[in-house]
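So you can see what is in the structure, the chains are spelled out below.
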Amino acid sequence: MTDLQTFREETRNWLEANCPPEMRKPGDVCWGGRNPQFSHPDQEIWLERMGDKGWTCPTWPSEYGGGGLSKEENKILQEEMSAIGARSPLGSFGIWMLGPALLEFATEEQKKEHLPGIVKGKYWWCQGYSEPGSGSDLASLSTKAIEDGDNYVINGQKIWTSYADRADKIFCLVRTGPQEPKHDGISFLLIDMDQPGVTTRPITLISGKSPFCETFFDDATAPKKDLVGGLNKGWTVAKRLLEHERTMISNMGLAGGGDGSGSKKMSGLAKVSKQYVGEDADKKIANPSLRSKVAKHEMNSRAFGLTLQRIGEETKVGAPSPAAAMSKYYGTEHNKLRYELLLEAMGSKALGWEGEGFTPEELAITRDWLRTKANSIEGGTSEVQLNVISKRVLGLPD
Amino acid sequence: MALILNEEQQSLKDIARDFLEKNAPITHFREIRDTANETGYSQELWKEMSELGWAGILVSEDYGGFDFGMMGMGGILEETGKTLTPSPLFSTAVLGASLLEMAGDDTQKSNYLPRLVSGELTTAFALEEGSHHNPTNITTSAKKDRDNFVINGKKTFVIDGHSADLIIVAARTKGDEDDPNGISLFCVDSNNKNLKVIKQSMVDSRNCAEIELKNVTVSKNDLLGDLHNAYSVIENVLDVARVAIAAEMLGNSSKAFEITLDYLKERKQFGVLIGSFQALKHRAAEMYSEIELTKSAVVSAMNAIDEKSNDTARLSSLCKFKACETSHLVSNESVQMHGGVGVTDEYDVGLFLKRSRVAEQVFGNADYHVDRYATLSEY
Ligand SMILES: Cc1cc2nc3c(=O)[nH]c(=O)nc-3n(C[C@H](O)[C@H](O)[C@H](O)COP(=O)(O)OP(=O)(O)OC[C@H]3O[C@@H](n4cnc5c(N)ncnc54)[C@H](O)[C@@H]3O)c2cc1C
Ligand SMILES: Cc1cc2nc3c(=O)[nH]c(=O)nc-3n(C[C@H](O)[C@H](O)[C@H](O)COP(=O)(O)OP(=O)(O)OC[C@H]3O[C@@H](n4cnc5c(N)ncnc54)[C@H](O)[C@@H]3O)c2cc1C
């Protein structure tokens with residue numbers, strides 16, 4: 001048996017023995033934190049077991065608590081997990097964004113201090129980038145950090161901070177060099193949210209949900225040792241982290257669509273269409289115009305899924321994909337279109353807000369449709385992605 | 001599933017690129033066009049391509065071929081798409097080779113395939129009868145007459161039909177128009193005097209022909225594959241051919257895009273490079289995204305053919321669909337972004353536009369494959 005075959009066998013046995021039954025059903029993913037919320041006791045057991053093995057972050061080096069797996073081993077782990085329907089044990093911005101950036105830019109002490117907590121889900125991290133005056137033009141940000149002994153003192157405001165009201169810590173872009181050109185005066189600072197100088201105020205979205213906040217810093221402090229990547233060198237870290245964020249978001253776009261394997265013949269979109277507009281004698285979606293739009297969308301889903309796979313094969317483990325901007329742009333626009341098609345297929349049934357007359361699934365689609373509108377804004381807007389592609393990938397002049 | 005070429009396949013593609021850039025760049029195509037070359041391609045060049053082994057890539061080793069698979073062939077076709085190289089590679093090495101491999105008996109294979117591999121024998125596939133791809137719409141009839149078949153009908157859009165030595169004809173031996181049952185394949189020698197071949201002068205200056213068959217008599221030994229039951233072979237061959245033409249179209253789009261990007265970085269208006277205008281940048285970035293998706297669709301379909309995946313039909317439709325959409329977009333935008341010079345014969349982008357539209361029609365345009373994909377997916 002090759003090493004990989006042995007690994008597959010061992011992994012399968014371990015999962016069989018350790019993945020609790022409830023975690024083999026679809027459901028919510030835990031986000032950890034100082035005050036973690038578990039929707040089922042099995043979720044806690046599952047997080048603890050996977051965290052101990054480092055398999056919440058399978059490819060991170062084991063000296064920082066990660067699984068230390070190679071790209072091939074990780075692929076096997078993912079395959080074996082999906083074979084038994086195992087839920088992801090932990091999700092977080094720490095795993096998808098901060099961790100990869102720390103692995104690349106942090107000092108040895110910083111890695112030792114912060115990475116294991118991410119692996120085990122001890123802290124819930126949020127992202128403090130955007131400000132009221134600095135969205136797409138992020139580098140114009142003005143939240144200040146001023147040296148004070150062993151600490152920095154932070155003043156200013158962030159906005160659109162997802163989950164700031166639940167997070168324990170925030171990775172934050174702050175201005176440390178007010179005299180420097182705008183990109184050269186920014187630092188990347190880790191700040192604890194549990195202090196009097198940090199307050200948050202939730203913002204309600206068009207979907208009715210309130211997953212993000214305004215975040216205010218009034219003489220908040222952070223130790224100097226928690227500045228990552230060097231004083232005034234935060235922009236490099238910030239940009240790299242954004243690439244990881246874009247990769248994460250573009251992968252999410254696929255959650256509802258095909259995954260490139262095309263294993264299921266009829267997609268969710270096609271099923272829903274048949275359910276609401278009916279089928280003809282040949283079992284085709286009865287409305288030919290809708291059918292053609294659905295099919296095109298499915299085909300593009302598949303081509304996009306294959307593209308993510310291909311890019312994955314071409315990219316080193318842990319490295320951000322050179323095509324991150326393209327996949328963020330395409331994936332989010334594509335996901336928005338998917339929900340527009342669901343609305344088209346379901347007619348007035350997808351337009352309910354709450355209460356009687358609609359099934360819970362129908363009501364969820366309405367809300368999800370509204371949520372997708374943010375896909376092409378969060379993590380850098382579509383227009384910004386197109387700018388990045390034309391500049392970085394195509395080399396077009398400014 | 002492999003989504004990148006392996007070392008051998010990549011090296012074959014690299015060799016093809018070097019060879020074509022040196023021996024058959026776009027100026028070569030222009031020369032063929034402007035001298036109104038009778039065969040529509042350089043026979044000298046085809047000989048050299050065959051010597052490189054390209055004619056035998058899809059032919060099994062038993063018949064002198066190299067059995068190198070679609071991942072190999074696709075890479076070469078992509079390169080010929082970049083240089084717009086006219087040659088019988090598609091009609092002979094893809095269509096002819098696959099038809100003979102999949103439908104032929106040992107005698108037929110031994111008779112034709114070694115000569116095909118050496119470049120001596122060229123072939124054409126006479127399938128279409130109307131203006132749009134429709135492989136079941138076959139009214140050309142073949143009637144049994146003792147030990148012979150007598151074929152009557154008219155074929156159109158037969159790629160390389162006027163220059164091929166062997167014409168493989170799809171004819172109806174049973175059933176009504178549009179019935180997939182009752183279709184058979186026949187090998188017809190192009191010298192058959194009852195064959196009337198009219199060269200069609202196409203917008204892309206490549207070769208097509210209309211072929212009239214009036215009491216064309218062939219022996220029962222020229223029946224290729226099973227009587228009445230050729231349709232499943234035809235579909236399999238078409239799937240290979242669709243992936244092949246999609247690979248060529250990917251090359252076409254990539255090159256037209258590259259030429260256009262260069263132009264955006266060199267043409268100045270309003271005192272700046274036109275590539276600095278966001279109205280053009282964003283469209284360029286969209287083209288890039290579409291090309292990336294097309295690349296993945298093409299390579300996964302090539303791989304599906306080589307691995308005999310049971311999802312080949314859908315992947316083949318997927319990649320032809322993406323190739324059509326992308327080359328449509330890129331060819332139009334390339335011309336537009338060149339401004340006035342884009343619509344001149346002197347600039348190459350117009351040549352890519354013309355080739356793109358013809359290739360789109362080959363074995364099903366985007367709409368055709370959207371419908372087919374949906375049907376195959378049971379909706
Ligand atoms: C759901 C959600 C979650 C988020 N979570 C977080 C978070 O956790 N942490 C965080 O820091 N931020 C977060 N954000 C903020 C997000 O990063 C910003 O909204 C985004 O960067 C856009 O900034 P803006 O909203 O100020 O829009 P603006 O930058 O004001 O853009 C307005 C419009 O102008 C266009 N535009 C701007 N510049 C250009 C240009 N150069 N060329 C062409 N068009 C341009 C934009 O594309 C957009 O269409 C979140 C946003 C959303 C919607
Ligand atoms: C068939 C034909 C007949 C013609 N007849 C005449 C005639 O009789 N007399 C005459 O004087 N001229 C004539 N013209 C010339 C015509 O007016 C020009 O071709 C046209 O103005 C475009 O200029 P250009 O070709 O230099 O393209 P360019 O200006 O170089 O444009 C190249 C590309 O850049 C884009 N672009 C340029 N500037 C910007 C910008 N600021 N923002 C965004 N995109 C930009 C363009 O839209 C185009 O896509 C003719 C052209 C054609 C094709």
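Residues numbered from 1 in each chain as written. Chains lettered and ligands numbered in written order. Predicted model: local features only at pLDDT ≥ 70, side-chain atom pairs only at ≥ 80, totals over all residues. Heavy atoms only, no water.

**Student:** Could you clarify how one ought to interpret the interface of chain B and chain A in this entry?
**Tutor:** By a frequent convention, interface size equals the accessible area lost on bringing the separate parts together. Counting residues at the interface gives 44 residues for chain B and 42 residues for chain A. In total, about 3,700 Å² of surface goes out of reach between chain B and chain A, with carbon and sulfur atoms giving 63% of it. The interface formed by chain B and chain A includes three salt bridges. Between Arg291 of chain A and Asp371 of chain B there is a salt bridge, with its nearest N and O atoms 2.6 Å apart. Within the residue set of the side of chain B that touches chain A, elements represented by two or more residues are helix H7 (231–264), helix H8 (278–306), helix H9 (312–337) and helix H11 (366–376) of chain B. Looking at the side of chain B that touches chain A, the element that brings in the most residues is H8 of chain B, giving 15 residues. Considering only residue class, the side of chain B that touches chain A consists of 21 nonpolar, eleven polar and twelve charged. (Contact = heavy atoms within 4.5 Å. Buried area = accessible area lost by both parts, 1.4 Å probe. Salt bridge = Lys/Arg side-chain N within 4 Å of Asp/Glu carboxyl O. Helix = DSSP H or I, 4+ residues; strand = E, 2+ residues; numbered from the N terminus. Nonpolar A, V, L, I, M, F, W, Y, C, P; charged D, E, K, R; others polar.)

**Student:** Can you walk me through the site of ligand 1 in this structure?
**Tutor:** Around ligand 1, a shell composed of 19 residues is seen, among which Ser130, Ser136, Trp160, Thr381 and Glu383 of chain A lie nearest. At ligand 1, the nearby residues belong to more than one chain, namely chains A and B. The separation between a nitrogen atom of ligand 1 and a polar main-chain atom of Gln127 of chain A is 2.8 Å. Relative to its unbound accessible surface of 970 Å², ligand 1 loses 68% to contact with the protein. Sorting elements by how many residues they give to the shell around ligand 1 places strand S3 (residues 151–162) of chain A first, with three residues. Residues that form the shell around ligand 1 fall into these classes: five nonpolar, eleven polar and three charged. (Near = heavy atom within 4 Å. Polar contact = N/O pair within 3.5 Å; in protein donor to acceptor, adjacent residues only side chain to side chain. Areas by Shrake-Rupley, 256 points an atom, 1.4 Å probe, with all protein chains shown as cover.)

**Student:** Got a minute to help me understand the side chain of Gln43 of chain A in this structure?
**Tutor:** Residues and elements named next belong to chain A. Mapped onto the elements of the fold, Gln43 is located in helix H2 (residues 41–53). Engagement of the side chain of Gln43 in a polar contact is seen with the backbone nitrogen of Ser39, the distance being 2.7 Å. Residues in contact with Gln43, not counting those within four places in the same chain, are Met23, Asp28, Val29, Cys30, Gln37, Phe38 and Arg87.

**Student:** Is there a simple way to explain the site of ligand 2 in this structure?
**Tutor:** All names here are of chain B. What surrounds ligand 2 is the set Arg267, Gln269, Phe270, Ile274, Phe277, Leu280, Gln336, Met337, Gly339, Gly340 and Val343. With respect to ligand 2, the backbone of Gln336 contributes an N or O atom lying 2.8 Å from an oxygen atom. Coverage of ligand 2 by the protein amounts to 41% of the 970 Å² it exposes when considered alone. Here the shell around ligand 2 is built from residues that sort into six nonpolar, four polar and one charged.

**Student:** Would you mind showing me how to read the packing of helix H4 (residues 93–105) of chain A against helix H5 (residues 108–119) of chain A here?
**Tutor:** Each packed pair of helices is defined by two parameters, the angle between the axes and the distance between the axes. All names here are of chain A. In the contact formed by H4 and H5, the axes pass within 10 Å of each other and the chain directions differ by 160°. The angle between the axes of H4 and H5 places the two elements in the roughly antiparallel class. Where H4 crosses over H5, the handedness of that crossing is left-handed. Contact residues: H4 offers Gly94, Ile95, Leu98, Gly99, Leu102 and Leu103, while H5 offers Lys111, His114, Leu115 and Ile118. (Axes fitted to C-alpha atoms, helices over the stretch in contact; angles between N-to-C directions. Parallel < 35°, antiparallel > 145°, perpendicular 65-115°, else oblique. Left-handed = near helix turned anticlockwise from the far one by under 90°.)

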